[in-house]
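# Descriptive structure summary
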Amino acid sequence: MWQVTGELSALDARRQWLVQRHAALLAALRVRRDAPSEIPVAASAGAPGIAPVGGSGAAVGASGRELSAPSARTALLIVGGVLVVVAALVFTVVSWGRLGIGGRAAVLLAVTACALALPRPLRRRQLAATAEASAAVGLALVLLDGYAARQAGLGGLDHVGTAGYWAVLTALTAVGAALYGWWQRLRLPLPVGFLMARLPGLLGTAALGGTTGDYATAVIATAAVDFAVLYALTARDAAGQAGFRERVGGERAATGLVTVARAVGGGWASLGGVLAVGYAVVAPSPAEVLRAWVPLGLLMLLGTALCRGFRTLPFALRAGGEGVAVVALIVAVGAGLRYVMPAGWAVVGYAAPAALLAAWAAVSCARSGRWAKPATSGPTGGPAGEATDGPTGGPFAPPSRAAAAVGELVAASIALLLTSVVVVPELAHALIRPVVHGVVLWGGGHPPQWSWQLATAPLVVLCLSAAVLTVTAAQRARAVGDADRQSDRLANALRNAQALAAVPAVLLLPVALGLPYAWVLAAAALASVAVAVDVVRRPEAALLSRLLVLAATGALALLWSSADRTAVLTVWGTFAASAAVLAHVLSAPTSPPAVRTTARVAGAFAVLALGVEAVASGATAGLPGHVTAFAVLAVAVAAAGAAAAWHRIPGRGQVSTAVEGAGYALAAIALALTALHPDALSLALAVTGVAGLAVALRPDRRRAALVGTGLLIASSWVRLALAGVSAPEAYTLPITAAALVIGHRRRTSAPGTGSWPAYGAGLGATMLPGLAAMWSDENWVRPLLLGAAALLATVVGVRTRLQAPLIVGGGVLVLVGLHELAPTVVQVFGLLPRWVPVAAAGLLLLLLGATYEKRIDEARRLRDTVRSMT
């Protein structure tokens, strides 16, 4: 039915648009008829001429003008009008005393009458802009007449209060300006009168000594009058609208005037609403609340009338009007309940009507079809949900009840959200109260006795918010249908928000009832376990919302358990077991991707929870941190074993990876806990290294052997450092051995691998540090052993034709020989005459020069031989 109604509305709107277009074309023709057909332009240098508008002559002349003729005319009229008004003001204020009362009245009345009478003959002579300027001057002179009359004391006006006098004068001037502009068919007096109508209400309230509520009433009443006048001018039949457009100068001028009037009226109503709401919220007594109901009631009437009676307004403005009415109603009811409800329940007085209205608005949105999904085809053969193009190319306006429902829902939801924000500090304090106690407890201090309390009013507000979200989610789901329920973003968002809001509301209820800490914690833990069991039983039904509930309940239970050591051990252990079961069940190969992702998260959480359990157990037993680290390390090793077992089950590889990664994280934490205790660190590194080698037994984890070997080497280094060993070979020999073994296996598995990637790092790891230590060591043992090792590497390199052993061994052997022969050479050179080294160097150079070509060939053959090696 509402679709049929929409089609009929579209047809009516099309007819109205055609009528409006007809009137606009007529107005354009009249404007073209009234406009001058020729304007003087310079035909040539120094020769005036006449060129038709739009002709080529105009184009030629326009190239030399920076200001068009209408713009220049408007500027001249504005400047002239301002000068006339300033002159009249000076005449009124400064030169007033030089004339008697008759002369004063005659001058002002004559000038004002002339200014107001000139527009009609000017319009007849097609001088529309001049007529507008004359009307503006006349209206300004009317205000000066009023000022002059009061200053002169005509009729005892000087005894009238200033605010009251100007309220009456501005009201009369506003009405007179509007009527005058309508009668004379002028554009300017209408907006002048409309804007001047802002002043009478404010000035009248000031004259009566009104309060903030009175000012709010005056402002809202002014806005109501604005929209009433606007309705009378625009919400009529096509003929009436055409007459209105013709009166104000065409369709464009009428559209601009209506838009400005709507904006000013809406802003004025919003200002009055802000004043009324503020006055009602801070009203100090019930009597003041009753006075605040007057502007709030007027605001409700105005908003309701705009939404349900002013059908020509855009959908957003009608929905906004209904929203303003709803806010006024909520504030009025809340302000009244503030003096009826107990102390501390004032926020509930505002939240309760907001929640009721929001729930009702959600039902109305569903019933009005605002949330309905479009059907596949409509009666015209096209999509039924497709917007029917109206006269302006846009969709037809939805029914008024849809606009009202949307406005009510948005306004009531915002009001309820604001009341929820007010109680957030109290709710947050109740949520983190056990955590604060737990920080002191686990920090090593002696926490004092503590109590866990929560006032009922904040919890009621939270429950109301959760209830509204529940109703809204249900209505949205019912409106979109079962087919689109899972894919509808708004329905999913509402369902998730409902789940998150319901968790603290339910879990804090025992706190508000004054139940003991253990009961509250048990309720939170049982709720989390129950949700986990439900996820296991129905893994695909509304998974995201249930996971949010599971995460929220679990997080609160874990945080609250920190207030007691036994509670930490119990809750974390229970959750670790639950997460392990959840990971195993949800990681079935037939599970969808979202469920398998949940399984991975659950598996990782189970391992981390056991790690926390280990830390808490050590702290409860009074063990130091470096000893507790081995309990954490045990959990990490067990996680590696569980990951290997899971990996052997088909389809469980992703869970296995998540569990293994969590175990590695615990191993890193365990090593960090032993960092300040070298003995424990050495043992922890050794255990971790052995575990890494065990992990390397898996075919897909062969590279873990490198990490395990590195950890074992690091463990040996720590132990050597504790023993006071300073020889670098003791630290580098394990690295060399491991590197040579790995390099040999690499060359065996990949024959194309060169000797430098396979053996270069291993040989250099020991020989280079030993060579550096040899130059500062006066003992003969290190050079002997290093030379022997270098000789062995050189021989092996020659026999196997490998570059790395030959070059590294030969280079180190040469340097060792130089180190050993250096003292003798220095001693010999010290005994010989000084000319002998010089002569020997010369003879050597002569010998090299004589056999240069032969030596070059030998060097090239040596280079080629070395290059031929691998």
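In this report, we go over the structure that sits alongside the text.

Criteria and cut-off values
Residues numbered from 1 in each chain as written. Predicted model: local features only at pLDDT ≥ 70, side-chain atom pairs only at ≥ 80, totals over all residues. Heavy atoms only, no water. Patch = residues over 30% accessible without salt bridge, like charges linked within 9 Å, V, L, I, M, F, W, Y side chains within 5 Å. Areas by Shrake-Rupley, 256 points an atom, 1.4 Å probe, with all protein chains shown as cover. Salt bridge = Lys/Arg side-chain N within 4 Å of Asp/Glu carboxyl O. Lys, Arg positive; Asp, Glu negative; His and termini not counted. Charge placed at Lys NZ, Arg CZ, Asp CG, Glu CD. Helix = DSSP H or I, 4+ residues; strand = E, 2+ residues; numbered from the N terminus. Contact = heavy atoms within 4.5 Å. Polar contact = N/O pair within 3.5 Å; in protein donor to acceptor, adjacent residues only side chain to side chain. Expected span 1.5 Å × (residues − 1). Buried < 20%, exposed > 50% of the residue type's maximum accessible area, 1.4 Å probe, protein only. Core = buried A, V, L, I, M, F, W, Y, C linked by side-chain atoms within 4.5 Å. Phe/Tyr/Trp six-rings, centres within 6.5 Å; stacked < 30°, edge-to-face > 60°. Lys NZ or Arg CZ within 6 Å of the ring centre and 35° of its normal. Axes fitted to C-alpha atoms, helices over the stretch in contact; angles between N-to-C directions. Parallel < 35°, antiparallel > 145°, perpendicular 65-115°, else oblique. Left-handed = near helix turned anticlockwise from the far one by under 90°. Nonpolar A, V, L, I, M, F, W, Y, C, P; charged D, E, K, R; others polar.

### Side note on a positive patch on the surface
Taken together, Arg120, Arg123, Arg124, Arg185 and Arg187 make up a surface patch of like positive charges. With respect to the helices, strands and loops of the structure, Arg185 is situated in the loop between helix H7 (162-184) and helix H8 (189-196).

### Observations concerning the side chain of Thr628
Position of Thr628 among the secondary structure elements: in helix H24 (residues 625-647). For Thr628, the residues in contact, after removing those within four places along its chain, are Ala614, Val615, Gly618, Ala619 and Leu623.

### Observations concerning the side chain of His626
With respect to the helices and strands, His626 occurs in helix H24. A polar contact of 3.4 Å, which involves the side chain of His626, links it to the side chain of His677. His626 has contacts with Leu673, Thr674, His677 and Ala680, leaving out every residue within four places of it along the chain.

### So, helix H18 (residues 489-507)
The periodicity of an α-helix, 3.6 residues per turn, causes residues three or four positions apart to be oriented the same way. Along its 19 residues, H18 runs 28 Å from first to last C-alpha, staying within 8% of the 27 Å computed at 1.5 Å per residue. Among the residues making up H18, those that are buried are Ala491, Asn492, Leu494, Arg495, Asn496, Ala499, Ala501, Val503, Pro504, Ala505 and Leu507. Summarising the contacts, the buried residues of H18 are in contact with helix H17 (456-480), helix H19 (509-512), helix H20 (517-537) and helix H21 (543-561).

### Topic: the nonpolar core
Within the largest apolar cluster, 83 residues are counted, with the highest numbers of intra-cluster contacts made by Trp452, Leu454, Leu508, Trp560 and Val659. The element contributing the most residues to this core is helix H22 (residues 565-586), with nine residues. Dropping the residues within four chain positions of it, Trp560 is found in contact with Leu431, Pro434, Trp452, Leu507, Leu508, Tyr517, Val520, Leu521 and Ala524. Within the second largest apolar cluster, 28 residues are counted, among which are Phe194, Val219, Ala292 and Leu306.

### A word on the packing of aromatic side chains
On inspection of all chains with the given rule, the structure shows seven aromatic pairs. Here Tyr165 and Trp166 contribute two aromatic rings whose centre-to-centre distance is 5.8 Å and whose plane-to-plane angle is 80°, an arrangement assigned as edge-to-face. Classification of Tyr165 by relative accessible area gives buried; the value is 10%. For Trp166, a relative accessible area of 24% gives the class partly exposed. Taken together, the ring pairs in this structure connect Trp450, Trp452, Tyr517 and Trp560 into an aromatic cluster. In this arrangement the basic side chain of Arg198 is found over the ring face of Phe194, its NZ or CZ atom lying 4.6 Å from the centre. Stacked on the ring of Trp268, the Lys or Arg Arg198 has its end atom at 5.7 Å from the ring centre.

### Examining the packing of helix H13 (residues 286-308) against helix H14 (residues 315-337)
At their nearest, the axes of H13 and H14 sit 7 Å apart, and the two run at 160° to each other. Between H13 and H14, the interaxial angle falls into the category roughly antiparallel. Where H13 crosses over H14, the two elements pack in a sense that is left-handed. Of the residues in H14, those touching H13 at Val289, Trp293, Leu296, Leu299, Met300, Gly303, Thr304, Leu306, Cys307 and Arg308 are Arg318, Gly321, Glu322, Val324, Ala325, Ala328, Leu329, Val331, Ala332, Ala335 and Gly336. Across the contact of H13 with H14, the residue classes tally to 14 nonpolar, four polar and three charged.

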